[in-house]
Amino acid sequence: MKISKTMQSALNNQISLEANASNSYLAMASWCEFTGYEGGASFFYAQSDEERTHMLKIVHYLNNLGVAAVIPATKIPASNYKSLESVLKTALSSEQAVTSAIHKMVEIAQKERDHSTYAFLEWFVNEQVQEEAKFETLIQKFELIGRDKLAINEIDKILAADATVSADTAA
Ligand code: FEO
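Cut-offs and rules
- Residues numbered from 1 in each chain as written.
- Predicted model: local features only at pLDDT ≥ 70, side-chain atom pairs only at ≥ 80, totals over all residues.
- Heavy atoms only, no water.
- Helix = DSSP H or I, 4+ residues; strand = E, 2+ residues; numbered from the N terminus.
- Rg over C-alpha atoms; globule rule 2.2 N^0.38 Å.
- Buried < 20%, exposed > 50% of the residue type's maximum accessible area, 1.4 Å probe, protein only.
- Contact = heavy atoms within 4.5 Å.
- Areas by Shrake-Rupley, 256 points an atom, 1.4 Å probe, with all protein chains shown as cover.
- Lys, Arg positive; Asp, Glu negative; His and termini not counted.
- Charge placed at Lys NZ, Arg CZ, Asp CG, Glu CD.
- Phe/Tyr/Trp six-rings, centres within 6.5 Å; stacked < 30°, edge-to-face > 60°.
- Salt bridge = Lys/Arg side-chain N within 4 Å of Asp/Glu carboxyl O.
- Expected span 1.5 Å × (residues − 1).
- Axes fitted to C-alpha atoms, helices over the stretch in contact; angles between N-to-C directions.
- Parallel < 35°, antiparallel > 145°, perpendicular 65-115°, else oblique.
- Left-handed = near helix turned anticlockwise from the far one by under 90°.
- Nonpolar A, V, L, I, M, F, W, Y, C, P; charged D, E, K, R; others polar.

Of regular secondary structure, the protein possesses five helices and zero strands. Ordering the α and β elements of the protein from the N terminus gives α-α-α-α-α. Relative to the 2.2 N^0.38 estimate, which gives 16 Å for 171 residues, the radius of gyration of the protein is 17 Å and therefore close to what a compact globule would have. Looking at the protein as a whole, 45% of its 171 residues are labelled buried. Sequence separation of 24 or more characterises 78% of the internal contacts of the protein that already satisfy a separation of 6 or more. Carbon together with sulfur atoms contributes 56% to the accessible area of the protein, which is approximately 9,400 Å² in total. Of the side-chain charges in the protein, 15 are positive and 22 negative, and the distance between the mean point of each set is 7 Å.

On to the packing of aromatic side chains, then. The final tally for this structure, using the stated rule, is 10 aromatic pairs. With 4.0 Å between their ring centres and 5 degrees between their planes, tyrosine 61 and phenylalanine 120 make a pair best called stacked. Here phenylalanine 120 lies in helix α4 (residues 115–144) and tyrosine 61 lies in helix α2 (residues 38–64), a separation of 59 residues in the sequence. Here a set of aromatic residues connected by ring pairs shows up, and it is made of Tyr25, Phe43, Phe44 and Phe135.

In this structure, alanine 119 sits in helix α4. When its relative accessible area of 47% is taken as the criterion, alanine 119 is described as partly exposed. Counting along the chain gives 16 residues from alanine 119 to phenylalanine 135, while the straight-line C-alpha distance between them is 26 Å.

With the rule as written, the count across this model stands at five salt bridges. Glutamate 85 is the partner of arginine 147 in a salt bridge, and the nearest nitrogen-oxygen pair spans 2.7 Å. Taken as a pair, arginine 147 in the loop between α4 and α5 (149–170) and glutamate 85 in helix α3 (residues 84–111) lie far apart in primary sequence, 62 residues in all. A salt bridge links lysine 134 to glutamate 131, with the shortest nitrogen-to-oxygen separation between them at 3.4 Å. With lysine 134 and glutamate 131 both in helix α4, this residue pair falls three residues apart, about one helical turn. The buried category is assigned to glutamate 131, whose relative accessible area is 3%. Within the structure, one salt-bridge network assembled from shared partners comprises Glu85, Lys89, Glu143 and Arg147.

Before going further, it helps to spend a moment on helix α1 (residues 5–35). Between the first and last C-alpha of α1 there are 45 Å, a value that for 31 residues agrees with the 45 Å anticipated at 1.5 Å per step. Glycine 36 lies just past α1 and shows a positive phi near 105 degrees.

Positioned with a positive phi, arginine 113 is a non-glycine residue whose angle comes to about 50 degrees. Mapped onto the secondary structure, arginine 113 falls in the loop between α3 and α4.

At a minimum axis separation of 13 Å, α2 and α3 run at an interaxial angle of 15 degrees. For the element pair α2 / α3, the angle class is roughly parallel. α2 and α3 meet at a crossing whose hand is left-handed. Counted together, Phe43, Phe44, Gln47 and Glu51 of α2 and Val87, Leu88, Ala91 and Glu95 of α3 form the full contact between these two elements. In terms of residue class, the contact of α2 with α3 is built from five nonpolar, one polar and two charged.

So far we have only geometry, and geometry alone does not tell us how the molecule works.
Here it is, written out as C-alpha cells:
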C-alpha cells in the first residue's frame, strides 16, 4: 500500500509537531518543578511522555508502510512562565494547533481516499477531543477556585491527581 507524497509530508510534519509538543511540555514540567509546583511538574512530565508516544505512533506507521520517517530537530521551547495558569493556557493553544493539523490530515486522507491513514488518524482525532477538554477544565479551575496562594495550591493538587490517573491509564 502506498500513501501520497502530500500525506507523507503531512505525517512527517505531524511527527515534528508532536516532538515539539513533547519538548515544550518537558520545559513546562521543569519550570513547575523549579518553581515548586509539584503537581504541575508530575502532570507535565507525564504529558511530555504522552506526546512522545504520539510521535512514535506516526514514526512506526510511516516506517511500516515503507516510508522512512523523518526524525526532526526541535525548537528551543519557552522556559519561563508568569504563572501556572499561563502554562496551562499555552498548553491549550498548542493542543488547538495540533488538533487543526490533524483535521487537515483527515481532509487530505478523505480527498485522496486513503482509507488506511484515515483509520489511523481516527485515534488522534479522539485523543485531541480529550486533550482539549482536559486543558479547558483545568483552566476553568482558576475561575472556580481562585488565584490566591491557597487556590493555586489546590489546583496544583488537582494536577498531581490527573498525572496519577494518566500514568495508571498508560500502564
Ligand atoms: Fe499529541 Fe496532545 O497532541
